[in-house]
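If you want the building blocks of each chain, they are given just below.
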Amino acid sequence: QDASFALFRDPAGTIDRWLLRAGFPDSRHALLPGLEGVLALLLVLWLVRGRGDLRVSIEYPAELRGTFSVSIRQKGAARKSARPARSNPAQPAKRRSGAASRTERHLVSRETDFHRIASGRWRVTVEGFLQPPDEETVVGSHHEEQEVRVHRGETVRVDFDFRLKLCPVDVVVSWDKHRVHDAQLAWLGQPDSLRYARGGPVRMGAPRGKQTVVVGARDRVAEHSLQITSFQPLSVAIDLADRKKLLFTGCPLAVDPYLHGDIPGAARALEREGQEPVAHLLLARLHQEQGHEESAANHYAQAGKYLEAAELYRKLSQFAKSAELFERAGELVRAARMYHSAGEITKAGDAYQRAREYAKAADCFKKARDIPKWCEALERDGKPLEAARVALDHGAGGRAIRCLQLLPPGHEDYVEAANLLVDVLQQEGHLDLAIGKIEEVIRTQGADRVPLESCDRLARLLEESGHYERAIDALEIIRRRDATWPELAAGIERLRKKRQDARVKTQSQPGAAVGDGFRYEILEEIGRGGMGIVFKARDRRLGRVVALKRLPDNLRNHPKAVDLFLREARASASLNHPNIVTVHDAGQEGETFYITMELLEGYPLQQILSRKGTVGALDVARLGIQVCNGLAYAHDNKIIHRDIKTANLFFTKDRTLKIMDFGLAKMVEEVRRVSTVIGGTPCYMAPEQSLGGAVDYRADLYALGVTLFELLTGQLPFAEGDVAFHHRHTAPPNPRDLAASVPEAMAALVLDLMAKRPEQRPESALAARERLRTAMREERA
């Protein structure tokens, strides 16, 4: 190549030197013309064929705009003088203008070509900068050279890689919106990235992804996490007065060690200042970075970072520890999985149940053979019939009854569940409940659609329990639909005879209120209690069926009590409210005192409670709201019940609660004052009532508190010893101590209702009702 250039510059001289070297000193002049012609021809051919093309390609992020100058020079050629450096590299260089030459290109973006350049070695220089598309800010300046060999007749490509490795981030540090001049900044875990803030933005480079910038000043360190997705400049403002961003504060001796990477030193300083959780957090990060995962998990747990600790213990296959920490972090489903992996199946089921994953909870309890929890999970999963079958298979009849009672009449499994429930109730000896269930099926499904077997079964149960009139009604349904039913006529005749015998027996009892001129026809006995016998009776004048309560004969020995009873009962007859049993009449027939009221179908809460044990908080709230409605109405009418308790609260089949015995409460109080004929422990009495003093509506509120306590916990607050003394002087236990599932708001209301001094109780029944509604909303949420 050097010879070619020499020939091109001085053809004659060059040829002479070649001939002399070849040994033709005498004849060179004779040969010179011919040789020069040949060599000239070769030179022309070389000039025509000894060229190629050069393509320069520049790579950089597509989201940026690049402006470059590209120049080439042959190796050995003098380099042009370098441009003076810019005083401010943050500002873009002034763009060159003018036309491009064979060896220079300006305003190049990504690619440029140099055509028909001489073969040989060339040096390619690229200089320029990158900017955001719509801004003049320089993101990166570049100056790079590469050497390349161009071959004749070929296109050679040379690539310049200006792809950025770090994205620019501008950080502004302030303190309560005022610029800080003495802050230090670094990327988390990279002490060599330390920068200093002097009041203005600090540019820091970081790769794409999630990054955390750490800022320290005076006594505090703040951390700010950000997601970097672009090479365009990102601005971040950090206010050291924002406590949400602070890693710690109040420990100036920990700031410099932390920013310079001395984590143990920073942790020791924080411990000396009593900031152990932050110290453990720093050590947890350090141990995790070093690969000591168990130590990191332990420090995370002590720092209160339960989720991070749980994840590390899971990776270490320490599933029991992981489960406990997931549970503390509120990740119940993940806790359940870890408990399952650890072989603690019951705990897994409990966690699934709290997470409302009832189907998975049921599977766990099934594996653990925990029958009560298995049934409960099935109930909550909307499968009460399946829960009942599980309970029956394991001898839990009471639990099966509860499950079967959950299916409403509109449910697709209602009839099947009702038949199964009747079987269980019979086996458990609850004939009255079995009867009520079949009657409910007849009432909800229609007498023309209910299976005849159910009607026949109802008739037999009613006959067995002495309810002959209702048994006849059941057989009449069968006769209307199928008069050929086996032994139908004989059964009806037998029941009629038994009904007549029962009436004769009732009329022959001493003091029976059934004289020939008595207004009420006794049909059958439907209940007995300490306050007398209750009959189903027909009002001869109005033709309606009522409940007639015949009071004990010994009341005649208490004329004041009798007079009080008649006055109070007739006053309560004026009450007309959906949550109060309607009293029709009160009077005396011979030496017997009676009261008539609407006939209800259902059960008193005392009976429901004895069967179920406790009542759920939401149901207690619903019942309590209805009691409050009835009491508020009575109190507005200047009537005080004085004996609110579960036995006097009746839950009907249409889910309405009725307050009973408004007319009896004051009479009972009078009788108790002068004798012990009508006994009973004053388990529901307000302190002022047990002392025999004057009482107002707040005594009913106290009794309501005791009643709610009993429904929620299944027991009375005071049931042993001198109960009246305890009600006057002993603080009632917190319902949550006996039943942890009781909501705090409801427990607080119960304790307020049972306050010793009347003025400390809620101001009215309506106020108590509103608090029950609030507790119910919170429980649902």
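Residues numbered from 1 in each chain as written. Predicted model: local features only at pLDDT ≥ 70, side-chain atom pairs only at ≥ 80, totals over all residues. Heavy atoms only, no water.

1. Quick word on the sheet that holds strand E1 (residues 51-59)
The sheet built from three strands is open, its strands ordered E4-E1-E7 with mixed pairing. Of all strands in the sheet, those bounded by a partner on one side alone are strand E4 (111-118) and strand E7 (155-161). Across this sheet, the average inter-strand angle for adjacent strands is 20 degrees, counted without regard to direction. With six bridges connecting them, E1 and E4 associate as antiparallel partners. Looking at E4, one finds that Arg55 is bridged to Asp113. (Pairing = 2+ DSSP bridges. Helix = DSSP H or I, 4+ residues; strand = E, 2+ residues; numbered from the N terminus. Axes fitted to C-alpha atoms, helices over the stretch in contact; angles between N-to-C directions.)

2. What about the packing of helix H10 (residues 332-341) against helix H11 (residues 345-354)?
At a minimum axis separation of 8 Å, H10 and H11 run at an interaxial angle of 165 degrees. By the angle class used here, H10 and H11 are roughly antiparallel. In the packing of H10 onto H11, the handedness of the crossing is left-handed. Residues Leu332, Val333, Ala336, Arg337, Tyr339 and His340 of H10 touch H11, and the partners they reach there are Ile345, Lys347, Ala348, Ala351, Tyr352 and Arg354. (Parallel < 35°, antiparallel > 145°, perpendicular 65-115°, else oblique. Left-handed = near helix turned anticlockwise from the far one by under 90°. Contact = heavy atoms within 4.5 Å.)

3. So, the pattern of salt bridges
Inspection of every chain in the model, using the stated rule, returns 44 salt bridges. Close ionic contact of Arg544 with Asp539 constitutes a salt bridge, the shortest N to O distance being 4.0 Å. Given the relative accessible area of 0%, Asp539 is considered buried. Residue Asp752 is joined to Arg771 by a salt bridge in which the shortest nitrogen-to-oxygen separation is 2.9 Å. Here Asp752, found in helix H29 (residues 744-753), pairs with Arg771, found in helix H30 (residues 765-780); they are 19 residues apart in sequence, far enough to count as distant. (Salt bridge = Lys/Arg side-chain N within 4 Å of Asp/Glu carboxyl O. Buried < 20%, exposed > 50% of the residue type's maximum accessible area, 1.4 Å probe, protein only.)

4. Focus: the confidence of the model for the chain
In the predicted model, the chain carries a mean pLDDT of 84, and 83% of its residues have values of at least 70. Within the chain, the lowest mean pLDDT, 52, falls on helix H1 (residues 2-9), and the highest, 96, falls on H10. Segment residues 84-97: pLDDT under 50, and 23 contacts once partners within four positions in sequence are set aside and those in other chains are kept. Note on residues 510-515: pLDDT under 50 across the span, and 13 contacts to partners over four residues away in sequence or across chains. (pLDDT = per-residue confidence, 0-100.)

5. Quick notes on helix H18 (residues 452-464)
If you check H18, its first and last C-alpha atoms are 19 Å apart, about what 13 residues at 1.5 Å a residue would give, namely 18 Å. Counting buried residues in H18 gives 10 out of 13 residues, a clear majority hidden from the surface. (Expected span 1.5 Å × (residues − 1).)

6. Points about the sheet that holds strand E24 (residues 657-659)
Within the open sheet, the three strands sit side by side as E22-E23-E24. Their pairing is antiparallel. The open sheet is flanked by strand E22 (602-604) and E24, the only strands paired with a single partner. Looking at each pair of strands side by side, their axes are set apart by 25 degrees on average, direction ignored. Contacts from helix H22 (residues 605-612) reach E22, strand E23 (649-652) and E24, with the element oriented near 85 degrees to E22.

7. Quick word on the nonpolar core
Counting 146 residues, the largest nonpolar core has Leu247, Phe248, Tyr258, Leu270, Leu605, Ile659 and Met746 as the members making the most contacts within it. Apart from residues no more than four positions distant in its own chain, Met746 is found in contact with Ala617, Val620, Ala621, Leu712, Leu772 and Ala775. One finds Leu54, Ala118, Val126 and Ala197 within the second-largest nonpolar core, a separate group that totals 47 residues. (Core = buried A, V, L, I, M, F, W, Y, C linked by side-chain atoms within 4.5 Å.)

8. Notes on a nonpolar patch on the surface
On the surface, Ile526, Val545 and Leu599 cluster together into a nonpolar patch covering about 200 Å² of accessible area. Among the structural elements, Val545 can be located in strand E19 (residues 545-550). (Patch = residues over 30% accessible without salt bridge, like charges linked within 9 Å, V, L, I, M, F, W, Y side chains within 5 Å. Areas by Shrake-Rupley, 256 points an atom, 1.4 Å probe, with all protein chains shown as cover.)

9. Here's the deal with unusual backbone geometry
Of note in the backbone geometry, Arg116 takes a positive phi value of approximately 50 degrees without being a glycine. By the secondary structure assignment, Arg116 is in strand E4. Judged by relative accessible area, Arg116 falls into the partly exposed class, the value being 47%.

10. Describing the packing of H18 against helix H19 (residues 468-481)
Relative to each other, H18 and H19 sit at 160 degrees, their axes nearing to 8 Å. As judged from the angle between their axes, H18 and H19 are roughly antiparallel. In this structure, H18 meets H19 at a crossing whose hand is left-handed. In contact with Leu452, Cys455, Asp456, Leu458, Ala459, Leu462 and Glu463 of H18, H19 contributes Tyr468, Arg470, Ala471, Ala474, Leu475, Ile477, Ile478 and Arg481.

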